[in-house]
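Here is how the chains run, residue by residue.
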Amino acid sequence: MNAGPSNSRSGEARKGSSIAIVATGVLLLGLAAASYGLSFVHSGSWGLPLALGIAALKAGIVISVFMELRREAASVQIAAVTALLMMLLLVALTTADVATRTVPTVLPPTAAH
Amino acid sequence: MNSLHAEHFESAPKQAQAARLGMWIFLASEFLLFAGLFALYGGYRAHAPTAFEEGVRHSTKALGSLNTAVLLVSSTAAALSVHAARAGRRKRAMLLLASTIALGLVFLGIKFYEYSLHFREGIFPGGTGRFFSTHADPSLAPFWTLYFATTGLHAVHVAVGTVVLASSLFSLWRGTINPQRIHPLENAALYWHLVDTIWIFVWPLYYLA
């Protein structure tokens, strides 16, 4: 991770390889095809976590290679990672809250007397 | 002013850096906007997993998957366009950017066709329509409402993205985006990649599993 004004990269400094970009695109399509194929396999309760795992991998590739987050200054990386962590926290805690409720949220009739 | 950067910036690279930081903070807020919808999905799915699995089985998997491929290819074209513009290959950059816009429009066309199929079947947001009177599970209504809310909000982002990319295409043609002043195109492409990233998660949640 880099920081500071010296890391204000110009377009010139960011020139990569167009072959690498095309290869990344092909990899993303391959992962999407794998995800599509797996959706026809009955994997029970593992189906959704598996599909989301592949999605997370694809998103990581897009953010790292196409969006060039790995080359950005520390200030940009912190902004991006914070948003991703907040998103994960919000989704995980909301889902966990509903999934783990074992007690009714209203008092049962017998307890109301 | 003939300078490549605004006068309140010390240099063009510093202006580009500030533009990228601002763009990423904007993208972070967009991520959090969709996070609310993903959290609702998680909560409702944990509450009624069977209904959500039935909803996913009923969605148009082939069309949704085709749209995934369209967006992934469009994102690759956008990245290649930025790469070409940095190298000073203006015509190539313009062609690739025009391809990205065209693929965005294809995505929207497929999405609206999907919506028309749902409407014909009597599936509307809010659990209204004849589909919900023949399918008894009340938790199907939240699935389809969230589907329309999430994919609809995403489609709005795709539409805005095509306009932003079209504006960059015009600037490339005029020469106001060039290898020395590339950050407007970089930021437009960043927005497009965000749209792609969001869809990468929408696809498995509503079409696959």
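Everything quoted here is computed from the prediction, not taken from an experiment. (Residues numbered from 1 in each chain as written. Chains lettered and ligands numbered in written order. Predicted model: local features only at pLDDT ≥ 70, side-chain atom pairs only at ≥ 80, totals over all residues. Heavy atoms only, no water.)

Chain A puts 51 residues into the contact, and the matching count from chain B is 49 residues. On the surface where chain A and chain B come into contact, there are two salt bridges. Note that B:Arg86 and A:Glu68 form a salt bridge whose closest N and O atoms lie 2.9 Å from each other. Summed over the shared surface of chain A and chain B, the result is three residue pairs in polar contact (both at pLDDT 80 or more). Going through the elements one at a time, helix H1 (18-38), helix H2 (47-66) and helix H3 (74-99) of chain A are the ones with two or more residues in the side of chain A that touches chain B. (Contact = heavy atoms within 4.5 Å. Salt bridge = Lys/Arg side-chain N within 4 Å of Asp/Glu carboxyl O. Polar contact = N/O pair within 3.5 Å; in protein donor to acceptor, adjacent residues only side chain to side chain. Helix = DSSP H or I, 4+ residues; strand = E, 2+ residues; numbered from the N terminus.)

So, on to the confidence of the model for chain A. When pLDDT is averaged across chain A, the result is 83; 76% of the residues are at 70 or more. Throughout residues 1-12 of chain A the model reports pLDDT below 50, and contacts reaching past four residues in sequence, or to other chains, amount to 24 contacts. (pLDDT = per-residue confidence, 0-100.)

Attention now moves to the packing of aromatic side chains. For the structure on display, the rule yields 22 aromatic pairs over all chains. Look at B:Phe143 and B:Trp144: their rings are 5.1 Å apart centre to centre, the planes differ by 90°, and that puts the pair in the edge-to-face class. Overall, the relative accessible area of 0% leaves B:Trp144 in the buried class. Ring centres 5.6 Å apart and planes at 50° place the aromatic pair B:Phe143 and B:Tyr206 in the tilted group. With B:Phe143 in helix H6 (residues 140-174) and B:Tyr206 in helix H7 (residues 183-208), this pair connects stretches of sequence that are 63 residues apart. The class for B:Phe143 is buried, based on a relative accessible area of 0%. Here B:Lys61 stacks its cationic end above the ring of A:Tyr36, 6.0 Å away from the centre of that ring. Positioned above the aromatic ring of A:Phe40 is the side chain of B:Lys61, whose terminal nitrogen or guanidinium carbon lies 3.8 Å from the ring centre. (Phe/Tyr/Trp six-rings, centres within 6.5 Å; stacked < 30°, edge-to-face > 60°. Buried < 20%, exposed > 50% of the residue type's maximum accessible area, 1.4 Å probe, protein only. Lys NZ or Arg CZ within 6 Å of the ring centre and 35° of its normal.)

Working note: a packed helix pair is described by the angle between its axes plus the distance between those axes. Residues and elements named next belong to chain B. Viewed as axis vectors pointing N to C, helix H3 (residues 61-86) and H7 meet at an angle of 160°, and their least axial separation amounts to 9 Å. Accordingly, the angle class assigned to the pair H3 and H7 is roughly antiparallel. Between H3 and H7 the crossing geometry is left-handed. When the residues that make up the contact of H3 with H7 are grouped by side-chain class, the tally is 15 nonpolar, eight polar and four charged. (Axes fitted to C-alpha atoms, helices over the stretch in contact; angles between N-to-C directions. Parallel < 35°, antiparallel > 145°, perpendicular 65-115°, else oblique. Left-handed = near helix turned anticlockwise from the far one by under 90°. Nonpolar A, V, L, I, M, F, W, Y, C, P; charged D, E, K, R; others polar.)

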